[in-house]
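The residues making up each chain are set out below.
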Amino acid sequence: MSKGWTRITAPAAALNEAGIDTDVIFPARFLLRMEKAGLGECLFADRRSGDDEAVSPFDLAPRDDASIQILIAGPQFGCGSSREHAVWSLVNFGIRAVIAPSFGEIFANNAARNGLAAIQCPEDSCAAMMDSATIGPLSIDLESQTITAPNLAPLPFILPEADRQALINGWDEIDMIAAAHAEDMVSFEKAYKARRSWTFEKEGAVSLVQTCPG
């Protein structure tokens, strides 16, 4: 379970480039690292090391000694292979939200269950926010589903409700399933116990209902 959040205000990094795939975000040579801890050091590793001609936005020092928590990118961010490590490395680095005109489908599906908001905004709005990010921090509010940035009117966005609740509550995929089907799980367990009570006679048996969030 990740740490839930409702609103963040933080410096944003801009990566004005289309089609940033998961191999650029998390190079394939690091895939043998299965622990999430420490994966932030692999984020955009080739670009941050200077091996790639393109510059990483994370080479820039954060303003006002604050940590970069928001990334603004071009269309189809996170396309390519399905590696979940790309999301893990962003979250471990400290990124809480990526704003882009579009996302790789699997990347977007992986994002919310790992505490990362994948926020889709029109391309012209993303370009305006990239310019605004050079002036000061951006704010993202999951309750009102708005982004505020210096010198710009509040920008609305829409997240799937299940993803929004997962981000606010810090739910992973199991928590999301339990929240959506809590009543069904309770009914199933009651019926199952009635049919096979002997399986629950052992002291300390764990109830499925106990795993339901909230």
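The preceding data block contains the structure.
Below or above, wherever it landed, is the structure these notes cover. (Residues numbered from 1 in each chain as written. Predicted model: local features only at pLDDT ≥ 70, side-chain atom pairs only at ≥ 80, totals over all residues. Heavy atoms only, no water.)

### What to know about the packing of aromatic side chains
Enumeration according to the criterion identifies 5 aromatic pairs in this entry. Ring geometry for Phe-77 versus Phe-103: centroids 6.5 Å apart, planes at 90°, classification edge-to-face. Note that Phe-77 is positioned in the loop between strand S3 (70-73) and helix H3 (85-93) and Phe-103 in the loop between strand S4 (97-100) and helix H4 (105-112), a separation of 26 residues in sequence. Assigned by exposure class, Phe-77 and Phe-103 land together as buried. Ring geometry for Phe-77 and Phe-107: centres 5.4 Å apart, planes at 85°, overall edge-to-face. One end of the pair, Phe-77, is in the loop between S3 and H3; the other, Phe-107, is in helix H4, and 30 residues separate them in sequence. (Phe/Tyr/Trp six-rings, centres within 6.5 Å; stacked < 30°, edge-to-face > 60°. Helix = DSSP H or I, 4+ residues; strand = E, 2+ residues; numbered from the N terminus. Buried < 20%, exposed > 50% of the residue type's maximum accessible area, 1.4 Å probe, protein only.)

### Brief notes about the pattern of salt bridges
Counting across every chain of the model gives 7 salt bridges. Here Arg-47 makes a salt bridge to Glu-17, at a shortest N to O gap of 3.0 Å. Placement of Arg-47 in helix H2 (residues 45-48) and of Glu-17 in the loop between strand S2 (12-15) and helix H1 (22-25) is noted, with a sequence separation of 30 residues between them. The exposure class of Arg-47 is buried, given its relative accessible area of 7%. (Salt bridge = Lys/Arg side-chain N within 4 Å of Asp/Glu carboxyl O.)

### Quick word on the sheet that holds strand S1 (residues 7-10)
Strand order in the open sheet made by the 4 strands is S1-S6-S7-S8, with antiparallel pairing throughout. Strands at the two margins of the open sheet, each flanked by one partner only, are S1 and strand S8 (155-156). (Pairing = 2+ DSSP bridges.)

### Some thoughts on the environment of Ala-149
Position of Ala-149 relative to the elements: it lies in the loop between strand S7 (146-148) and S8. In this structure the C-alpha to C-alpha distance between Ala-149 and Ile-135, which are 14 residues apart in sequence, comes to 8.9 Å. Residues within four places of Ala-149 in sequence aside, it is in contact with Ser-132 and Leu-138. (Contact = heavy atoms within 4.5 Å.)

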